[in-house]
Amino acid sequence: FVKERGRNGYAFFEAKMEEKSLERILLENELRKAIQLEQFHIDYQPKIDLSKNKLIGMEALVRWNHPELGKISPNKFIPLAEETGLILPLGEWVLRRGCEQNKEWQDKGYTPLKISINLSARQISYPDIVRKIEEILIETKLEPEWLELEVTESIFVNIENAITVLQQLRDLGVHISIDDFGTGYSSFSYIKHLPVDTLKIDASFIRDIHQNKESQAIVQAVLTLSQTLGINVIAEGVENQRQLDVLREDGCSQGQGFLFSKPLSSQDFEEYLKESVRATGIKEID
Ligand code: C2E
Ligand code: MG
Ligand code: MG
Ligand code: MG
C-alpha cells in the first residue's frame, strides 16, 4: 500500500514538474517574442513628498499584456527574464523608454521629475551596464540627475562589483536607491560604505506599521540610520491614512503607494501631472 502510494505520489510529482517546465518553456518563448515585438509598456507610479504633499518623481513599472494570455505580472516574468538573461534586452528597453518619456514630459514644460527605474542584479553584473546607461542618457538627452536606479540588496552578494558599478553610475550623475530595503543581505553597519542616495523601505514593514510595534521599530531604525548618514528614505506600499500618520510622526519624508496613486499608464500619468500643475500653479495649461 505504502509502495503504491509512493509510486502514485512520484508519478504525480513528475507530471507536475513536466507541466511546470513546459509552462516555463512556453512563457520563455513568448517572452523572447514579446521583446522582439516590443509588446511591453510602462506604468508610472507617483512618489510623494510627505511634508509638502507634492509630487517628486515616479517609478517606472514594466507591463506585459500578452495578446492571448492577457496581463502577466512582473512578479512572474521578471524572475524568468532574469534566469534566461532576457532581462538584458528587456531592461534596456525599459531604460530607454522611461528616459525618453521623462524627457518628453520635461520638454512639454512640466516641472522636471526624477524617474526611478528598477535594475536587476543580472543587469548590474553585465560588464557594459555603465556605458549602456550613459549611451541611453545621451541618446534620450535626459540629464542624469533626473534618473534614479532602484537596485535590491541581492546585488551585494557580489559586493566588490556592486560598489564599483554603483560608484561609476553615481559618477555619471545618476541617483541610486536600495529597493525593498530591510528584506535582504545588507547589515546596517556597512550601508555607510555603499554609494547610495536613498533607502526604500520595503512594503512588508509599512503594511502593519500602524499595528505592529516591531515593524514600526524597524522603520524608525532605518530613519535614524539614514539621518545619521545623510541619505533619503522613502516608504513603499503606503495604502492607508493610518500608515501615513505613523510615517509622518516618525519623520519619514517620502512615500509611494496606492494611498497616493496606483501605477498609471503614460496617458493617465500625464493627466496626473496636469492635475498637480493645477494644484500648485507651476505651469499654465492651455
Ligand atoms: P518593486 O520595484 O518593489 O515595485 C513595487 C511593486 O509594488 C509594484 O508591483 C507596484 O505596483 C506595487 N505597489 C505599489 N504601491 C503599492 C501598494 O500600496 N500596495 C501594494 N500591495 N502594492 C503596491 P509590480 O508593478 O507588480 O512589480 C513587481 C516587481 O517587479 C517590482 O517590485 C520589481 O522588483 C519588478 N519590476 C517591475 N518592473 C521592472 C523593471 O522594469 N525592471 C526590473 N528589473 N524589475 C521590474
Ligand atoms: Mg522598485
Ligand atoms: Mg520595492
Ligand atoms: Mg520588490
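Read on for a plain summary of the structure. As the structure is a prediction and not an experimental result, all values here were calculated from the model.

Let us look at the packing of helix 5 (residues 129-140) against helix 6 (residues 159-172). Close contact between helix 5 and helix 6 brings their axes to 10 Å; oriented N to C, the two are set at 20°. Accordingly, the angle class assigned to the pair helix 5 and helix 6 is roughly parallel. Regarding helix 5 and helix 6, the two cross each other, and that crossing is right-handed. Taken together, the residues of helix 6 that come into contact with helix 5 (itself represented by I129, V130, I133 and E134) are V165, Q168, L169 and L172. Residues belonging to the contact of helix 5 with helix 6 are distributed by class as follows: six nonpolar, one polar and one charged.

Before going further, it helps to spend a moment on the coordination of the magnesium ion (ligand 3). Bound to the magnesium ion (ligand 3) are the protein donor atoms D179 (OD), D180 (OD), E236 (OE) and E236 (OE), situated 2.1 to 2.4 Å from the metal. Mapped onto the sequence, the donors of the magnesium ion (ligand 3) take the spacing D-D-x55-E. A separation of 4.1 Å is found between the magnesium ion (ligand 3) and the magnesium ion (ligand 2), both of which receive a donor from D179.

Considering the arrangement of structural elements, one finds Y126 in the loop between helix 4 (121-124) and helix 5. Overall, the relative accessible area of 32% leaves Y126 in the partly exposed class. Note: C-alpha distance between Y126 and V165 (39 residues apart in sequence) is 9.7 Å.

So, how was this worked out
- Residues numbered from 1 in each chain as written.
- Chains lettered and ligands numbered in written order.
- Predicted model: local features only at pLDDT ≥ 70, side-chain atom pairs only at ≥ 80, totals over all residues.
- Heavy atoms only, no water.
- Axes fitted to C-alpha atoms, helices over the stretch in contact; angles between N-to-C directions.
- Helix = DSSP H or I, 4+ residues; strand = E, 2+ residues; numbered from the N terminus.
- Parallel < 35°, antiparallel > 145°, perpendicular 65-115°, else oblique.
- Left-handed = near helix turned anticlockwise from the far one by under 90°.
- Contact = heavy atoms within 4.5 Å.
- Nonpolar A, V, L, I, M, F, W, Y, C, P; charged D, E, K, R; others polar.
- Donors = N, O, S within 2.8 Å, 3.2 Å for Na, K, Ca; no water.
- Buried < 20%, exposed > 50% of the residue type's maximum accessible area, 1.4 Å probe, protein only.

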